Amino acid sequence: MKKAIALFSLTAAIAASSQAGAVQVTLACGTVGQELQLCKDGAARWAKKTGNTVKIFESPNLTNDRLGLYQQQLAAKSDAIDVYQLDIIWPGLLAQHFVDLKGKVPAAEVNAHFKGIIDADTVDGKLVALPWFTDAGLLYYRTDLLKKYGYNAAPKTWTELATMAKKIQDGEKKANSTFTGFVWQGKNYEGLTCDALEWLVSFGGGTIVDNTGKITVNNPNAAKAIDTAASWVKSISPAGVTTYGEEEARGIFQSGNAAFMRNWPYAWALGQSPDSKVKGKIGVAPLPSGGNGNAATLGGWNLGVSMYSKNQAAAIDLVRYLTGAEEQKIRAVEAAYNPTRPALYKDQAVLKANPFFGSLLDVFTSAVARPSGPTKLKYNQVSQAFSGAVSDVLNGKSTGTAAVKKLETDLARIKGRGW
Amino acid sequence: MTVNAPAKPPTAPPAPKQKRVRGIEGARAWQAFWLLLPTLIAIALVAGFPLYRTIFFSVQEANLTTPGQATYVGLQNFWFTTAEGIGLGFLQDPQWWQAVRNTLTFTVVSVFLETVFGMIVALVVNSAFRGRAFLRTAMLVPWAIPTVVSAQMWAYMYNDSFGLIGQGVLGGQALLADPSSAIWALIAVDVWKTTSFMALLILAGLQSLPGDMYEAADMDGASKWTQFWRLTLPLLRPALLVALVFRSLDALRVFDIMYVMLGANDAASTSMTGYARQQLIDNQLLGVGSAVSVAIFIIIMAIVVAYVTAFRVKFD
């Protein structure tokens, strides 16, 4: 009997060790800002802890390009990537390709994240991914310049922002001809959808498509919101703002050439880095209101395990490690990536590195979701039509009223027989 | 091979069997067939099969993530109006027609400019002067740089806040931001890049022109201008037309310049291929995307046929 037990345990030990030992997991990381380095560091910590190796797959910078690449991999049922980094708007689109983490991850661990994000990651009862970091649009401003021009607080409304930006820009232009008032994401891509949704909501113009799937964008408030943004181009924002993504805007702000910037939280840590020209001169505030309160678009990234992965157990372990409290804390402290665990917003080290996290907790928790839920598989088309329409207004090819009217027709066309 | 071929038959046929004589020709044909077979298989695999799949999916409603679940819908991907009067086919999408218009503008203008500039460059490097060899090599540099790289390079140059052209020359104008000026900026990049290719093809044509013809023309007192219009241009016609067809085809299926310089969404309203990519990849509409690809194939085919018949181009 003893012999049998010994033999059994020995086989079990061998089986366990062969399962746990020396697998290689491929992780697809984003490359915006410090993302890639953080991703590599986190993966390395896990690898060291478990003895596995992690291969890093560098993804394209723009989220649209990334999706196209991932979809090709997934449609081909490729096992080349085990862990994917998923945008908050993708779970509905890609759910079928991902392992259901429900049951494979303890419920307590799942519930430690913001409920809203877990909801967004859950498609038809299946937990597609675990939240890695969350995002919401923020207003960055130059504290030194506000003071220099006699302002003591960040603007509360878009009108205020325009006035302040104009005054500062006019003053600063005398010494620096490339100085500009306000930079944001005006390029025709997903980033513009995020920016423009914030304008819409803050003006009371709705969320393009409402939760029941009804197209609501054709309304005067939405038109006014887009017209307002168009009035910034070539006045307080450079003409080229309609070609900027996140990194172009950050480049200008961080080199000291802009008074205000709309961007995600990741820009904070980079702006405070030693080589930044605006280190110690940055303030962060909620985005201004258009009369209906301030609004921030919910962004953020999640980690999911591919169904076609050959090392699912190890991949799930990597996901649990990277989304864990310890790793999220490191990311928050080092690079201002917002944790998805409410508990970390009370953590002293996190608050010391990101003083605005505590006061802007509301912005993060009540961020507005893009209509990816109701529009399901067609979200990308909806988003393209929307950013295209906004882009036309920004470029002076159309007016807000005409654009939302045409957009309504386009969206009806995309909706076709239903979302 | 071709030199030896006529010499062999007389010596080769031995008397015994009459059949063998024809067998040599037959064997050669078979040999040629076997030699060609790998190529034919390769073409069938890399060109035939994808083409078949594209045409197959163009009449299916299919999603890129689940190509297995395609259902036959006939020509609905091209044209379909719902009961509510909403047009769902891509031919009913204004953005597609915008892409077609822009692609045609791009093709006509850029190919015209490239031909004119290419001709000038070719005439210059064809005449004898010191440093000609260097110049002939140097002119190929833009052509040698991969389009993706040169497009990114130009995008930086056009940038309104730090670009050599955008900031330096135009003083902060954002050419790429405005779609109506962006198309001209894109044409400029294409002309910069492919003029040298055009020049190379035309130069090859110029080199084949007999020099004594010009000597005779000089003797007869024809001016250089007359020589160009009456001798060079007519004789250059075959080479020029082949070059034109090649460049037009390239320009019609232009993709990378738009995609790199404008981004995925704006590329979709500036080039037909960008539109196809957007439908297929971004929107996951495998059926519609394939239908668009078929349409592009037909458009390009029609233009080639028109070219070849109208100008009687000979490719040999």
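None of these values were measured; they are calculated from a predicted model.

**Student:** I would appreciate a short explanation of the overall build of chain A in the present structure.
**Tutor:** Of the regular secondary structure elements, chain A holds 20 helices and 11 strands. Taking 22 Å as the expected radius of gyration for a compact globule of 419 residues, we find that chain A reaches 23 Å, a close match to that expectation. Dimensions along the principal axes, computed over C-alpha positions, put chain A at roughly 90 × 55 × 30 Å. Expressed as a percentage of the 419 residues in chain A, the buried residues total 58%. Taking the intrachain contacts of chain A between residues at least 6 apart in sequence as the baseline, contacts between residues at least 24 apart amount to 73%. Summing over all exposed atoms, chain A offers an accessible surface of approximately 16500 Å²; the carbon and sulfur share of this is 56%. Measuring between centres, the 46 positive side-chain charges of chain A sit 1 Å from its 35 negative side-chain charges.

**Student:** Explain the nonpolar core to me, please; I cannot follow it from the model alone.
**Tutor:** Within soluble globular proteins, side chains that are nonpolar generally end up buried alongside one another. Formed by 138 residues in total, the largest nonpolar core has its most connected members in A:Trp199 and A:Phe260. The element best represented in this core is helix α19 (residues 379–394) of chain A, accounting for eight residues. Beyond its immediate chain neighbours, meaning those up to four positions away, A:Trp199 contacts A:Trp158, A:Trp184, A:Leu192, A:Ala225, A:Ala229, A:Trp232 and A:Val390. The next biggest cluster of nonpolar side chains, apart from the first, holds 42 residues, and it includes B:Tyr158, B:Ala185, B:Phe228 and B:Ile257.

**Student:** Just checking my understanding: could you explain the interface of chain A and chain B for this structure?
**Tutor:** One frequent convention defines the size of an interface as the accessible area lost when the parts assemble. With 30 residues of chain A at the interface, the matching set in chain B holds 35 residues. Together chain A and chain B conceal approximately 2600 Å² of surface at their shared face, both sides included; 46% is due to carbon and sulfur atoms. Summed over the three residues of chain A that lose the most area to chain B, namely A:Gln384, A:Arg413 and A:Arg417, the buried surface amounts to 24% of that side. The interface formed by chain A and chain B includes one salt bridge.

**Student:** Help me understand the UniProt feature "domain: ABC transmembrane type-1" (unreviewed entry) in chain B in this model?
**Tutor:** If you check UniProt for "domain: ABC transmembrane type-1" (unreviewed entry), the listed places come out as residues 100–309 of chain B in our numbering. Counted over residues 100–309 of chain B, helix gives 80% and strand 0%. Its end C-alpha atoms are 23 Å apart.

**Student:** Which parts of the structure should I look at to understand the sheet that holds strand β7 (residues 138–142) of chain A?
**Tutor:** Adjacent strands of a sheet pair through backbone hydrogen bonds, lying either parallel or antiparallel. Residue and element names in this part refer to chain A. With respect to topology, four strands assemble into an open sheet ordered β8-β9-β7-β10, the strand pairing being mixed. This sheet does not close on itself; its edge strands, each paired only once, are β8 (180–183) and β10 (282–285). The average angle at which neighbouring strand axes cross in this sheet is 15°, direction not considered. Sheet analysis places β8 next to strand β9 (residues 258–263), joined by three bridges and oriented parallel. Considered in β9, the bridge of Phe-182 is made with Phe-260. Those strands touched by helix α11 (residues 246–254) are β7, β8, β9 and β10, and its axis lies near 155° from that of β9.

**Student:** Explanation requested: α11(A) in the structure shown.
**Tutor:** A turn of α-helix holds 3.6 residues, and therefore any two residues three or four places apart point the same way. Of all the positions in α11(A), only A:Glu246, A:Ala249, A:Arg250, A:Ile252, A:Phe253 and A:Gln254 are classed as buried. Where α11(A) is buried, its residues meet β7, β8, α9 (190–202), β9, α12 (266–271) and β10 of chain A.

**Student:** Help me understand the side chain of A:Gln73 in this model?
**Tutor:** All names here are of chain A. Relative to the elements of secondary structure, Gln-73 occurs in helix α3 (residues 63–75). Gln-73 gets classed as buried once you look at its relative accessible area, which sits at 17%. Contacts of Gln-73, omitting those with residues within four sequence positions, involve Phe-57, Ser-78, Ala-80, Ile-81 and Tyr-84.

**Student:** Where do I start with helix α8 (residues 158–173) of chain A in this structure?
**Tutor:** Residue and element names in this part refer to chain A. For α8, spanning 16 residues, the distance from its first C-alpha to its last is 22 Å, which sits close to the expected 22 Å at 1.5 Å a residue. All buried positions along α8 are accounted for by Trp-158, Leu-161, Met-164, Ala-165, Ile-168, Gln-169, Gly-171 and Glu-172. Projected onto a plane normal to the axis of α8, the buried residues spread over an arc of 165° and lie on a single side. Buried residues belonging to α8 abut β7, α7 (143–148), β8, α9, α10 (220–232) and β9.

**Student:** How should a nonpolar patch on the surface be read in this particular structure?
**Tutor:** Residue and element names in this part refer to chain B. A cluster of nonpolar side chains, Phe-112, Val-116, Phe-117, Ile-120, Val-124, Phe-129, Phe-134 and Leu-135, forms an exposed patch at the surface whose accessible area comes to about 750 Å². Counting only elements with at least two residues in the nonpolar patch, the list comes to α3 (94–126) and α4 (132–138). With respect to the secondary-structure elements, Phe-134 resides in helix α4.

**Student:** How should I be thinking about the pattern of salt bridges in this particular structure?
**Tutor:** Close approach of charged atoms allows side chains of opposite charge to pair. Residues and elements named next belong to chain B. What the rule picks out here adds up to 22 salt bridges over all chains. In this structure, the salt-bridge partner of Lys-224 is Asp-218, at a minimum N-O distance of 4.0 Å. With relative accessibility at 61%, the residue Lys-224 sits in the exposed group. Notably, a salt bridge pairs Arg-253 with Asp-250, separated by 2.9 Å at the nearest N-O pair. Relative accessible area serves as the criterion here: at 48%, Arg-253 is assigned to the partly exposed category.

**Student:** How do you make sense of the state of the cysteines when you look at a structure like this?
**Tutor:** All names here are of chain A. The full count for this structure, using the stated rule, is one disulfide over all chains. Shown here is the disulfide that connects Cys-29 with Cys-39, its sulfur atoms set 1.8 Å apart. What sets the handedness of the Cys-29 and Cys-39 disulfide is the S-S torsion sign, and at about -70° it is left-handed. Placement of the pair is Cys-29 in strand β1 (residues 24–29) and Cys-39 in helix α2 (residues 35–50), with a sequence separation of 10 residues.

**Student:** What's the story with the UniProt feature "transmembrane region" (unreviewed entry) in chain B in this structure? I'm lost.
**Tutor:** Residue and element names in this part refer to chain B. The sites that UniProt annotates as "transmembrane region" (unreviewed entry) are residues 32–52, 104–125, 137–157, 182–206 and 285–310. What you have in residues 104–125 is 100% helix and 0% strand, and the ends, taken at the C-alpha atoms, are 31 Å apart. Taken end to end, residues 285–310 is 96% helix and 0% strand, and its two terminal C-alpha atoms sit 37 Å from one another.

**Student:** Help me out: how do you make sense of the packing of α3(B) against helix α10 (residues 224–252) of chain B in this one?
**Tutor:** Relative orientation and spacing of two packed helices are given, respectively, by the angle between their axes and the distance between those axes. Residues and elements named next belong to chain B. α10 packs onto α3 with a crossing angle of 140° between their chain directions and a minimal axis gap of 10 Å. Regarding the angle of α3 to α10, the classification is oblique. As α3 runs across α10, the sense of the crossing is right-handed. Between α3 and α10, the contacting residues are Thr-103, Leu-104, Phe-106, Thr-107, Ser-110, Val-111, Glu-114, Thr-115, Met-119 and Leu-123 on the first element and Phe-228, Leu-233, Leu-236, Leu-240, Leu-244, Arg-247, Ser-248, Ala-251 and Leu-252 on the second.

Reading the values: rules and limits
- Residues numbered from 1 in each chain as written.
- Chains lettered and ligands numbered in written order.
- Predicted model: local features only at pLDDT ≥ 70, side-chain atom pairs only at ≥ 80, totals over all residues.
- Heavy atoms only, no water.
- Helix = DSSP H or I, 4+ residues; strand = E, 2+ residues; numbered from the N terminus.
- Rg over C-alpha atoms; globule rule 2.2 N^0.38 Å.
- Buried < 20%, exposed > 50% of the residue type's maximum accessible area, 1.4 Å probe, protein only.
- Contact = heavy atoms within 4.5 Å.
- Areas by Shrake-Rupley, 256 points an atom, 1.4 Å probe, with all protein chains shown as cover.
- Lys, Arg positive; Asp, Glu negative; His and termini not counted.
- Charge placed at Lys NZ, Arg CZ, Asp CG, Glu CD.
- Core = buried A, V, L, I, M, F, W, Y, C linked by side-chain atoms within 4.5 Å.
- Buried area = accessible area lost by both parts, 1.4 Å probe.
- Salt bridge = Lys/Arg side-chain N within 4 Å of Asp/Glu carboxyl O.
- UniProt positions renumbered as here; feature names shortened; annotations may be inferred.
- Pairing = 2+ DSSP bridges.
- Axes fitted to C-alpha atoms, helices over the stretch in contact; angles between N-to-C directions.
- Expected span 1.5 Å × (residues − 1).
- Arc of directions from axis to C-beta.
- Patch = residues over 30% accessible without salt bridge, like charges linked within 9 Å, V, L, I, M, F, W, Y side chains within 5 Å.
- Disulfide = S-S within 2.5 Å.
- Parallel < 35°, antiparallel > 145°, perpendicular 65-115°, else oblique.
- Left-handed = near helix turned anticlockwise from the far one by under 90°.

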